[in-house]
Amino acid sequence: MRATRRRFDLSAVSELLLAVPTVLSSLLIVTVLGKPVTPQSPWVFPVLWLVSGVVVFLPVTDGVLALLVHRLRRPTRSESRVLVPLLESVCDAAALDPRRYRLLIQNSREINAMAVGGRVVGVSTAALALPPRQLEAVLAHEVGHHLAGHTRVSLLRWWYELPARLAVSLVFLVGWGVLAAGAAVKTRFAMVVSLLLVAALAVVAVAASPWVLLVPVIAPLLALTSRRAELHADRVAAELGYGPLLLEVLQRWRNEGHDVLRARAGFKARMLASHPSCTSRISKLVQTRTAPAPKHGGRHRLKPTGV
């Protein structure tokens, strides 16, 4: 496996750049909140907050996110017997130790897989019904996300944007409460006062987090970087030899009407979609140089209990 596949690709770098306005807003909020606590050293809280980003690189963070956010669980013995050899084969093709990744299961009737944090590869129970070689190609796609740093970048962005997002959410919550109170009083004066207070809160929110004004621009661009990340992961899978198998999976999804549902969703939904259409992915895969398909089964063997 070439070392270039292990570097952040353009979509990951773009996501980091798009996060700058929100991260700066978070930095301002942390500085303002921390200044009364350490008035003589106002730099302490911002520095501590920046250093706290190391939390996203801890294995325990992957486990917490997998459990609480994605509702993933440990695979059963029978599920491990299916998945472990497939992941080993992918890692053999990529010259990786499969023990660096943790296989988890999502109870879902929808065929799906995901890369979480730095080492979790999640697979839905419906995806287990795929032919083994097709499922192996899906795992190769998720490993491609990990190799490109997509999941780490997304998690790091989420962490550093958290203060700004919480502040804006709090302002919206307070604003909703003020409007509800004004409506409950049922007088014109109360409604005018509540509207003025909400306007003042909106000004405070924009002053604290100017990125709010950029949401109409940033959101579609972030969605675009996500779609590019999917195409990059497809390309990595193809370069590892899984191109034809991944094409089979994508063609299956297209035949099941995924692109039709996407087309019916409307222009805005397509602009904010995190995944490209199956047709687009198929077109890009056909143009990608595909390595010879790896043999089934890897050199490494993991016991199911170690997954």
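Bear in mind that the values here come from a model prediction, so they are computed numbers and not experimental data.

**Regarding the confidence of the model for the protein**
Reasoning step 1: The predicted model of the protein has a mean per-residue pLDDT of 86, with 93% of residues at 70 or higher.
Reasoning step 2: Predicted confidence is poor over residues 1-5, with pLDDT under 50, and the contacts of this stretch with residues over four places away or in other chains come to 12 contacts.
Reasoning step 3: Segment residues 298-307: pLDDT under 50, and 24 contacts once partners within four positions in sequence are set aside and those in other chains are kept.

**A short note on the environment of S26**
Reasoning step 1: Structurally, S26 can be placed in helix 2 (residues 20-34).
Reasoning step 2: In this structure, the C-alpha to C-alpha distance between S26 and W211, residues 185 residues apart in sequence, is 10 Å.
Reasoning step 3: Once residues lying within four places of it in the same chain are set aside, the contact partners of S26 are W49, Y160, E161, L162, P163 and A164.

**A short note on the sheet that holds strand 2 (residues 102-106)**
Reasoning step 1: Judged by pairing direction, the sheet is mixed, and its four strands sit side by side in the order 1-2-4-3 without closing on themselves. On the outer flanks of this sheet lie strand 1 (72-73) and strand 3 (113-116), each paired with one strand and no other.
Reasoning step 2: The strands touched by helix 4 (residues 59-68) within the sheet are strand 1, strand 2, strand 3 and strand 4 (120-124), with strand 3 carrying the most contacts at an inclination of about 145°.

What counts and what doesn't
Residues numbered from 1 in each chain as written. Predicted model: local features only at pLDDT ≥ 70, side-chain atom pairs only at ≥ 80, totals over all residues. Heavy atoms only, no water. pLDDT = per-residue confidence, 0-100. Contact = heavy atoms within 4.5 Å. Helix = DSSP H or I, 4+ residues; strand = E, 2+ residues; numbered from the N terminus. Pairing = 2+ DSSP bridges. Axes fitted to C-alpha atoms, helices over the stretch in contact; angles between N-to-C directions.

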